[in-house]
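What follows is each chain in one-letter form.
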Amino acid sequence: MSGISRRNLLRSGLALSASTLASRSAFARAAAQLAAEAQAAAPGVASAAGPREQLLFDFGWKFMFGNGTDPAKDLGFGADQGDFAKTGDFKFAKAGFDDSKWRTLNLPHDWAVELPFVRDDDLKSHGYKPLGRRYPETSVGWYRHEFDIPASDAGRRVSVEFDGAFRDVFVFVNGCFIGRNDNGYVPFHFDITDFLAIGGRNYIVLRVDASFGDGWFYEGAGIYRHVWLTKTDALHLGKWESYVRSEVSKNSAALTLSTVVVNQGRAAAGASVSWKILDPSGKQVATAETSALQVAADGSAAFTTTAKLAPPALWSPDTPNLYTAEVSVTSEGKVVDAENITFGVRTAQFTADKGFFLNGQNIKIQGTCNHQDHAGVGAALPDRLQYFRAAVLKQMGCNGVRTSHNMPTPEWVEACEHLGLLMMCETRQMSSSPEGLAQLEVMVKRYRNSPCIILWSVGNEEGQLQSRMAEEGAKIARTMVDRCHELDPTRVVSAAVNGDNSKGVSDAFDIIGFNYNLPSPDHYHEKHPEKPVYGSETASAISTRGEYTTSKLRNTLSAYDLNQPGWGETAENWWTFYGTREWEAGGFAWTGFDYRGEPTPYGWPSINSQFGIIDMCGFPKDTFYYYKSWWGKDPVLHLFPHWNFEGREGDEIPVWVHSNLDSIELFVNGQSQGSKNVPHLGHVEWKIRYEPGSIEARGTKDGKVVLTDKRETTGEAVAIRLTADRTEIDANGEDVAVITVEALDKDGRPVPTAQNPVNFHVSGEGALIGVGNGDPNCQESDKEPKRSLYNGLAQVILQSTKQAGVIQIKADKESWEGPSLKPAELVITTKAVTPRASVPVAHTEAPKA
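Residues numbered from 1 in each chain as written. Predicted model: local features only at pLDDT ≥ 70, side-chain atom pairs only at ≥ 80, totals over all residues. Heavy atoms only, no water.

**Q** Describe the overall build of the chain, listing the residues and the values that go with them.
**A** Each helix and strand counted, the chain has 11 helices and 48 strands in total. For 849 residues, the compact-globule estimate of 2.2 N^0.38 gives 29 Å, and the chain sits close to it at 28 Å. Each principal axis of the C-alpha atoms in the chain carries an extent, and together these give about 90 × 70 × 55 Å. Going through the 849 residues of the chain one by one, you find that 62% of them count as buried. Roughly 32,200 Å² of accessible area belongs to the chain as shown, and the carbon and sulfur atoms make up 48% of that amount. Each charge class in the chain can be summarised by its mean position, and for the 85 positive and 104 negative side chains these summaries are 2 Å apart. (Helix = DSSP H or I, 4+ residues; strand = E, 2+ residues; numbered from the N terminus. Rg over C-alpha atoms; globule rule 2.2 N^0.38 Å. Buried < 20%, exposed > 50% of the residue type's maximum accessible area, 1.4 Å probe, protein only. Areas by Shrake-Rupley, 256 points an atom, 1.4 Å probe, with all protein chains shown as cover. Lys, Arg positive; Asp, Glu negative; His and termini not counted. Charge placed at Lys NZ, Arg CZ, Asp CG, Glu CD.)

**Q** I'd like a description of empty space enclosed by the protein, backed by residues and values.
**A** A complete count under the given rule lists seven cavities of 30 Å³ or more for this structure. In this structure, the second largest cavity spans a volume of roughly 150 Å³. Forming the boundary of the second largest cavity are 14 residues, of which Asn-370, His-371, Gln-372, Pro-408 and Trp-412 lie nearest the centre. Here the residues of the lining of the second largest cavity sort into four nonpolar, eight polar and two charged. (1 Å grid on protein atoms, 1.4 Å probe; cavity = no way out; pocket = protein on both sides within 12 Å on 5 of 7 lines; lining within 4 Å. Points joined across faces, edges and corners; volume = space filled by probe spheres on them. Nonpolar A, V, L, I, M, F, W, Y, C, P; charged D, E, K, R; others polar.)

**Q** Could you give me a rundown of the pattern of salt bridges, with the residues and numbers involved?
**A** In this structure the tally under the stated criterion is 53 salt bridges. Glu-241 is the salt-bridge partner of Arg-448, the closest N and O atoms lying 3.9 Å from each other. Of the two residues, Arg-448 sits in the loop between helix H6 (434-447) and strand S28 (453-460) while Glu-241 sits in the loop between strand S13 (235-237) and strand S14 (243-248), which places them 207 residues apart along the sequence. The residues Arg-448 and Glu-241 share a single accessibility class, namely buried. A salt bridge links Glu-734 to Arg-836; the shortest N-O distance between them is 2.5 Å. You can see Glu-734 sitting in the loop between strand S41 (728-730) and strand S42 (736-744) and its partner Arg-836 sitting in the segment after strand S48 (824-831), a full 102 residues away along the chain. Looking at Arg-836, the relative accessible area reads 22%, which means it is partly exposed. Salt bridges sharing common partners tie together Lys-62, Asp-99, Arg-144, Glu-146, Asp-148 and Arg-201. (Salt bridge = Lys/Arg side-chain N within 4 Å of Asp/Glu carboxyl O.)

**Q** Describe the pairing of strand S27 (residues 422-426), and please don't skip the residues or the numbers.
**A** In terms of residue burial, S27 counts as a mostly covered element, since five of its five residues are buried. Side chains Leu-422, Met-424 and Glu-426 of S27 all project onto a buried face; the interleaved residues Met-423 and Cys-425 project onto the opposite face, where all are buried too. Note that strand S26 (residues 400-403) and S27 share three bridges and pair parallel. Counterpart to Arg-402 in the pairing with S27 is Met-424. Where the polypeptide runs from S26 across helix H5 (residues 410-419) and back to S27, its parallel neighbour, the crossover connection is right-handed. Sheet topology note: the S27/S28 ladder contains four bridges and is parallel. Across the sheet, Cys-425 pairs through a bridge with Trp-456, a residue of S28. (Pairing = 2+ DSSP bridges. Right-handed = clockwise from strand over helix to strand, strands pointing away.)

**Q** Describe unusual backbone geometry, listing the residues and the values that go with them.
**A** For the peptide bond that leads from Ser-404 to His-405, omega is -10°, which places it in the cis range. Unlike most non-glycine residues, Asn-555 shows phi in positive territory, near 55°. Following the sequence through the fold, Asn-555 ends up in the loop between strand S31 (533-539) and helix H10 (571-579). At Asn-791, a position not held by glycine, the phi torsion is positive, near 45°. By the element assignment, Asn-791 lies in the loop between strand S45 (786-788) and strand S46 (793-800).

**Q** So what's going on with the pairing of S31? Which residues, and what values?
**A** Of all seven residues in S31, seven are buried, a share of seventy percent or more. Where strand S30 (residues 512-515) lies against S31, four bridges are found, and the strand directions are parallel. The partner of Asn-515 across the bridge, within S31, is Glu-537. Traced from S30 through helix H9 (residues 520-527) to S31, the parallel crossover comes out right-handed. Examined bridge by bridge, S31 and strand S32 (residues 584-590) share four bridges and lie parallel to one another. Across the sheet, residue Val-533 finds its bridge partner in S32, namely Glu-584.

**Q** Any details on the packing of helix H4 (residues 383-395) against H5? Residues and values, ideally.
**A** Viewed as axis vectors pointing N to C, H4 and H5 meet at an angle of 45°, and their least axial separation amounts to 9 Å. Put simply, H4 runs oblique to H5. Judged by the twist between their axes, the crossing of H4 over H5 is right-handed. Along the contact surface, H4 presents Asp-383, Gln-386, Tyr-387, Arg-389, Ala-390, Ala-391, Leu-393 and Lys-394, while H5 presents Glu-411, Trp-412, Glu-414, Ala-415, His-418 and Leu-419. Looking at side-chain class alone, the contact of H4 with H5 contains seven nonpolar, two polar and five charged residues. (Axes fitted to C-alpha atoms, helices over the stretch in contact; angles between N-to-C directions. Parallel < 35°, antiparallel > 145°, perpendicular 65-115°, else oblique. Left-handed = near helix turned anticlockwise from the far one by under 90°. Contact = heavy atoms within 4.5 Å.)

**Q** Run through the environment of Glu-646, naming residues and quoting values.
**A** Mapped onto the secondary structure, Glu-646 falls in the loop between strand S33 (637-640) and strand S34 (652-659). Spatially, the C-alpha atoms of Glu-646 and Ala-375 are 30 Å apart, while their sequence positions differ by 271 residues. In this structure Glu-646 touches Tyr-690 and Glu-716, once residues within four positions along its chain are discounted.

**Q** Describe the sheet that holds S33, listing the residues and the values that go with them.
**A** Reading across the sheet, the three strands line up as S33-S34-S37 and stay open at both edges, with antiparallel pairing between neighbours. Strands with a single pairing partner mark the edges of an open sheet, and in this sheet they are S33 and strand S37 (684-689). Neighbour-to-neighbour, the strand axes of the sheet open up by a mean angle of 20°, direction not taken into account. Alignment of S33 against S34, held across four bridges, turns out to be antiparallel. If you follow Leu-639 over to S34, its bridge partner there is Val-657. Packed onto the sheet, helix H11 (residues 624-631) meets S33 and S34 and runs at close to 30° relative to S34.

**Q** Before we move on, can you summarise the environment of Lys-621 with the specific residues and values?
**A** Along the chain, Lys-621 turns up in the loop between S32 and H11. With a relative accessible area of 2%, Lys-621 lands in the buried category. Between the C-alpha atom of Lys-621 and that of Ser-494, which follows or precedes it by 127 residues, the distance is 31 Å. Aside from chain neighbours lying at most four places away, what touches Lys-621 is Ser-543, Arg-545, Asp-594, Gln-610, Gly-612, Ile-613, Ile-614 and Asp-615. Engagement of the side chain of Lys-621 in a polar contact is seen with the backbone oxygen of Ser-543, the distance being 2.6 Å. (Polar contact = N/O pair within 3.5 Å; in protein donor to acceptor, adjacent residues only side chain to side chain.)

**Q** Can you tell me about the nonpolar core, naming the residues and giving the values?
**A** Phe-356, Met-423, Trp-456, Val-458, Phe-509 and Tyr-627 are the most contacted members of the largest nonpolar core, which totals 123 residues. With seven residues, H4 is the single largest residue contributor to this core. Leaving out residues up to four positions away in the same chain, Val-458 has contacts with Thr-427, Gln-429, Met-430, Leu-440, Met-480, Cys-484, Val-493, Ser-494, Ala-495 and Phe-509. (Core = buried A, V, L, I, M, F, W, Y, C linked by side-chain atoms within 4.5 Å.)

**Q** How would you explain the environment of Asp-622 if you had to name every residue and give the values?
**A** Within the element layout of this structure, Asp-622 appears in the loop between S32 and H11. With 144 residues separating them along the chain, Asp-622 and Arg-478 place their C-alpha atoms 42 Å apart.

**Q** So what about the packing of H10 against H11? Which residues, and what values?
**A** Relative to each other, H10 and H11 sit at 20°, their axes nearing to 11 Å. It follows that H10 is roughly parallel to H11 by the angle criterion. Of the two possible hands of crossing, H10 and H11 adopt the one that is right-handed. In this structure, H10 contributes Ala-571, Glu-572, Trp-574, Trp-575 and Thr-576 to the contact, and H11 contributes Tyr-626, Tyr-627, Trp-630 and Trp-631. Class assignment for the residues of the contact of H10 with H11 results in seven nonpolar, one polar and one charged.

**Q** Requested: an account of H9, with residues and values cited.
**A** Turning to H9, its buried residues number three or more, namely Ser-520, Pro-521, Asp-522, Tyr-524 and His-525. Next to the buried residues of H9 lie S30, S31, H10 and S32.

**Q** Which residues make up H5, and what values do they have?
**A** Because each turn of an α-helix spans 3.6 residues, side chains separated by three or four positions in sequence point in the same direction. A large share of H5 lies buried, amounting to 10 of its 10 residues. Phi for Gly-420, located one or two positions after H5, is positive at around 90°.

See below:
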């Protein structure tokens, strides 16, 4: 970091403080730089081009709660059985409807994170949020938006597209029911052309019902992903039909380029498709064009051609090179539609005897499973947070992610493409029903161009289909696998199985995934030496950031790598197993980040899991540095715990070091406690009787001290410090700055045990959209401008407006009991940029009474 080469440092033999290199501010800056560079290269969406318009439809929505049982509190919806008897009767989606008392907000939006916590054990796995049939007042939400369609759009097809909403959605436009969607993760869209007032004002309303869930974890509620308004010619490219497949030889790559052109016009039309291939620098490196074909009215036609890259720039975790294919449709000498497709060139192969190969290189999958929520914002993450989270994982040495247990948001896939994270892409429903296959098909088509995805997963831990319904499970899985291969013959298909893989769904899979259950992979490999094997879900180690004793009274778990539920393994145990077997491809640890719900092993007042290697805010726990030691490429030395144990003088305190150096010498108040060699894939530890002062670890490589790390007993907290991941962000109404809040003692040292409450005052061209602190038992609001520190840390997320200027944030402890803290202030600059094209906000004045 900060321009220092660790390899050069090792060669020089100089010692450097690991606490300097791994300090939270330095860590945050490095992760931020990594995320910023990757996001700057990203298109922001599978982008429209040419005459097509794709407008972001996120700004200026109106919202109100409905009711799941009382029509009188639900805009009269369902008051009788005649709601759908006539087209155009829904007054709430027409002019003159008074929405002046509705709340104005921008998308993405998750109303569940705004709700209070409720002590109801039926809600435990979902994070104690009042959603479900027994909570009708908070389980239904209505969204409304007014928008104009210019007269120039006459003759075009207009669709509204949702990247995802949770969960049961009714869509109305201009008083008419348009359609519905009944799952929380798969994108859906409706052609609304016939219902629009061309050259006039239009009204769209959504009723979103989160009474039912898709999973057993926190899932959020509302329109928590982006919405788009897309305008095309009647003759246009099919949705997610364009793909690029590459076949790599020694110094070149043969590309197969294919798409489907759809004709929604009233007459047949001639069409041809052209492709331009741009390399990672934006230089055109290949072109191709198809022959012209007639596309029947209300029909479609497939177009395929080829191109060649010589030599190709391969995609990998270390070099995430991405190409762009500009695809355009020409009819009667005019380009009528176009889109840009991001793709990569690489080879991926799972073998039964040597594990996984990427571009011919044998590598271990060093992965994590992750849900999709974050502190402060729930499931409604701004795009920047996706990159922030991916960058934190990369800092750990992680090279892969599993999208547990659902189709991911496009921006998470995009972040992984640009930062270089392999992906196991998973559908939510393991079923060969029409609905299950439809969800699977959308996922594969939507993401088959992404080079980061190395395997498709058709499900997770379907116990019935693995045992009592094994015969049915085998047939269901076979149908799903076949469908994946039909849509994408380039990738293997698997699932996460919490059994011995001896029957049922496993019969159909190309590669075999094990959830936990060690040493079952050994037994399976002995019986089936021809089948590749990997860890689809491993670890489930549990810990609380900054806690060094396990307390059932406080619902905390020590941060030492010692705790796991009955089915799980510690970090050291699982990686020693998977990391030392040549035939194992690697695996995905449960989980990278803590997440809401599943508060194992405790219940109330715990409201989120403690499985994460990283907490809800993205602050690393100590085990993060175990993985960084053995997954990363740089030298690591991490000493813990802190050295603030007032009242425990004379008690034995375990002192651990995670490191990949040769040996570690520990000093307590300047006195050596001896040196220990670091075991491969292990750690070193001492038992030290506590007395205030300091502990220091000195790490050697090839006989020379190259890294040191130190923990000192600090004083009481007297001041607040604010640190931003970036002090300049885009004034586009979407970008965010992630602020770390700390308490310092009189010498300016962070106090690792601080629990002080802090207020936040935000002004200028931005707003506070969320707060958090990583405490799995904290039931403070994620949205109010205040938060208690937890073990020295809290987080504030600020989002820009579209106006360039500054965002000012002040943090103080006014109005709270206890010793005062010196306030802190921070200024974030919001720079002028061209925002993404979006639907203008156009609200009508409320009608007079």
